[in-house]
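Residues per chain, in single letters:
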Amino acid sequence: MNFETLAVHAGQPPDPTTGAVMTPIYQTSTYAQTRMGEAAYDYARTVNPTRNALQDCIAALEGGAHGLAFSSGMAATDTVLRLLKPGDHLLASNDVYGGTFRIFTKVYADYGITFSFVEMSDLDAVRNGIQPNTRMIWVETPTNPLLKIADIAAISSLKGAARLVVDNTFATPYLQKPLALGADIVVHSTTKYLNGHSDVVGGAIIVNNEADFTRLKFLQNAVGAVPAPLDCFLVLRGLKTLPVRMERHCSNGLTIAQFLEGHAAVERVIYPGLCSHPDHAVAAKQMCAFGGMISFIVKGGPDAARRVAEATRIFALAESLGGVESLIEVPAAMTHMSVANSPLAVDPALIRLSVGIENVNDLIDDLRQALA
Ligand code: PLP
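None of these values were measured; they are calculated from a predicted model.

Student: Quick question: what am I supposed to make of the sheet that holds strand S11 (residues 327-329) here?
Tutor: The pairing of strands in a sheet happens through backbone hydrogen bonds and is either parallel or antiparallel. Overall, mixed pairing links the five strands, which are arranged S8-S9-S12-S11-S10 in an open sheet. Edge strands, defined here as strands with exactly one partner in the open sheet, are strand S8 (266-270) and strand S10 (316-317). Across three bridges, S11 lies against strand S12 (residues 350-354) in antiparallel orientation. If you follow Glu-329 over to S12, its bridge partner there is Arg-352. Those strands touched by helix H10 (residues 242-261) are S8, strand S9 (293-298) and S12, and its axis lies near 10 degrees from that of S9.

Student: Help me out: how do you make sense of unusual backbone geometry in this one?
Tutor: Trans is the prevailing form of peptide bonds, just as negative phi is the prevailing case for residues other than glycine. In this model, Thr-141 is joined to Pro-142 through a cis peptide bond whose omega is -5 degrees. By the secondary structure assignment, Pro-142 is in the loop between strand S4 (134-140) and helix H6 (152-158). Of note, the phi angle at Ser-198 is positive, near 50 degrees, even though the residue is not glycine. By the element assignment, Ser-198 lies in the loop between strand S6 (185-189) and strand S7 (203-207). Ser-198 gets classed as partly exposed once you look at its relative accessible area, which sits at 44%.

Student: Looking at this model, I keep getting lost on the pairing of strand S5 (residues 163-167). Mind explaining?
Tutor: Residues in a regular strand project their side chains so that they alternate between the two faces of the sheet. With four of five residues buried, S5 is to be regarded as a mostly interior element. Note that S4 and S5 share five bridges and pair parallel. Each bridged residue has a counterpart across the sheet, and for Glu-140 the counterpart in S5 is Asp-167. Following the chain from S4 across H6 to the adjacent parallel S5, one finds a crossover that is right-handed. Note: S5 against S6, three bridges, orientation parallel. Bridge assignment links Val-165 to a residue of S6, and that residue is Ile-185.

Student: Help me understand the packing of aromatic side chains, please; the structure alone is not making it clear to me.
Tutor: The geometry of two aromatic rings is summed up by the distance between their centres and the angle between their planes. Under the counting rule described, the total for this entry stands at seven aromatic pairs. On the basis of an interplanar angle of 55 degrees and a centroid distance of 5.2 Å, the ring pair of Phe-101 and Phe-117 is categorised as tilted. Of this pair, Phe-101 sits in helix H4 (residues 98-106) while Phe-117 sits in strand S3 (residues 114-118), and the two are 16 residues apart along the sequence. Through pairs of rings, three or more aromatic residues link up here, namely Phe-101, Phe-104, Phe-115, Phe-117 and Trp-138.

Student: What am I meant to see in the domain arrangement of the protein here?
Tutor: The figure often quoted for interface size is the accessible area lost as the parts come together. On domain assignment, one finds that the protein holds domain 1 (3-239) and domain 2 (242-371). Just the C-alpha atoms count here: the centres of domain 1 and domain 2 sit 25 Å apart. Residue-level contacts link 42 residues of domain 1 with 42 residues of domain 2. In total, domain 1 and domain 2 occlude about 3,200 Å² of area from one another, counting both sides; carbon and sulfur atoms represent 64% of this. The largest per-residue losses of area from domain 1 upon contact with domain 2 belong to Tyr-174, Leu-175 and Tyr-193, which jointly make up 23% of the total buried on that side. Where domain 1 meets domain 2, there are one salt bridge. Between Asp-151 and Lys-285 there is a salt bridge, and its shortest N-O distance comes to 2.7 Å.

Cut-offs used in this document
- Residues numbered from 1 in each chain as written.
- Predicted model: local features only at pLDDT ≥ 70, side-chain atom pairs only at ≥ 80, totals over all residues.
- Heavy atoms only, no water.
- Pairing = 2+ DSSP bridges.
- Helix = DSSP H or I, 4+ residues; strand = E, 2+ residues; numbered from the N terminus.
- Contact = heavy atoms within 4.5 Å.
- Axes fitted to C-alpha atoms, helices over the stretch in contact; angles between N-to-C directions.
- Buried < 20%, exposed > 50% of the residue type's maximum accessible area, 1.4 Å probe, protein only.
- Right-handed = clockwise from strand over helix to strand, strands pointing away.
- Phe/Tyr/Trp six-rings, centres within 6.5 Å; stacked < 30°, edge-to-face > 60°.
- Domains from an automatic or database assignment.
- Buried area = accessible area lost by both parts, 1.4 Å probe.
- Salt bridge = Lys/Arg side-chain N within 4 Å of Asp/Glu carboxyl O.

Below is the structure:
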């Protein structure tokens, strides 16, 4: 089946008990058992039918064998990091989501795991960054917030014994399929595009390798950061429209990036779909379109960035991304405060847009008045 059909149906046959066409919200913590220890469903941290449907749907969309759902993107990230042991090294992009940098350096660094950060768009830097004890390579592409692009297939050919993990939150499987490009594990903040309506915090892991799946599933239950049934239902509902939403995010994103690139008050626009993006060719090779995230630097420094971000009327000044509504933020002062004073610190004049699915002319009018 094609992506659009999987998005509506994968993992969601009519409910076996009632025929309900929409997967019910199995709001229960436990299940009655007829024979002790033999039930497929015993306790809801371990297994829940609404969560199963979500996991199967996300796995199908990523082209993976197995999916696991979590209560946040960070819970998914945390669970993947638990595959590492003291003494292991993780090589990461030098531009990752601030919370990912924080869990690496302020949580797992205390458990004997070492981290280093390289420019993932530079394959020599990746090659030189791999150490004998590198057990994981962590890639965001496009990155948050600089929208840097890493060549997943090329990095996969360098990874040796390390697992290649791709955070596919910005691209979504509609635009990019990391497992098919050679990644071992995909993680998501389902909070963003997969749910798409800014009303859930959630995460997911998708994996092909059976041994990794067994361990990650064990950890999902043992550690327990599972999503609530209602949240699973909402993400499932969001997934049904992922392809149509992404089409609009991408067309609005490209039009707005072109508008900003021609605006006198803008110093630089970063959008993987523009020819001016240094890795546009790699993005075009591994993505089928370029998404709804745009970063740009305004003339006039941090004060000007703050004024613009506070002056929009349709773009809400808010953290997060990937919803149907447009958002604007200044990463250095908002989403990426946890990388302040680190080598990953973000230019305080950088503005990040999450372009929604509204009418593009209204969005351009809004940016034009804010930039004025
Ligand atoms: N990965 C990326 C790329 C993100 O942007 C975020 C959050 O913004 C996360 C992971 C963490 O996800 P969550 O906020 O759902 O825990």
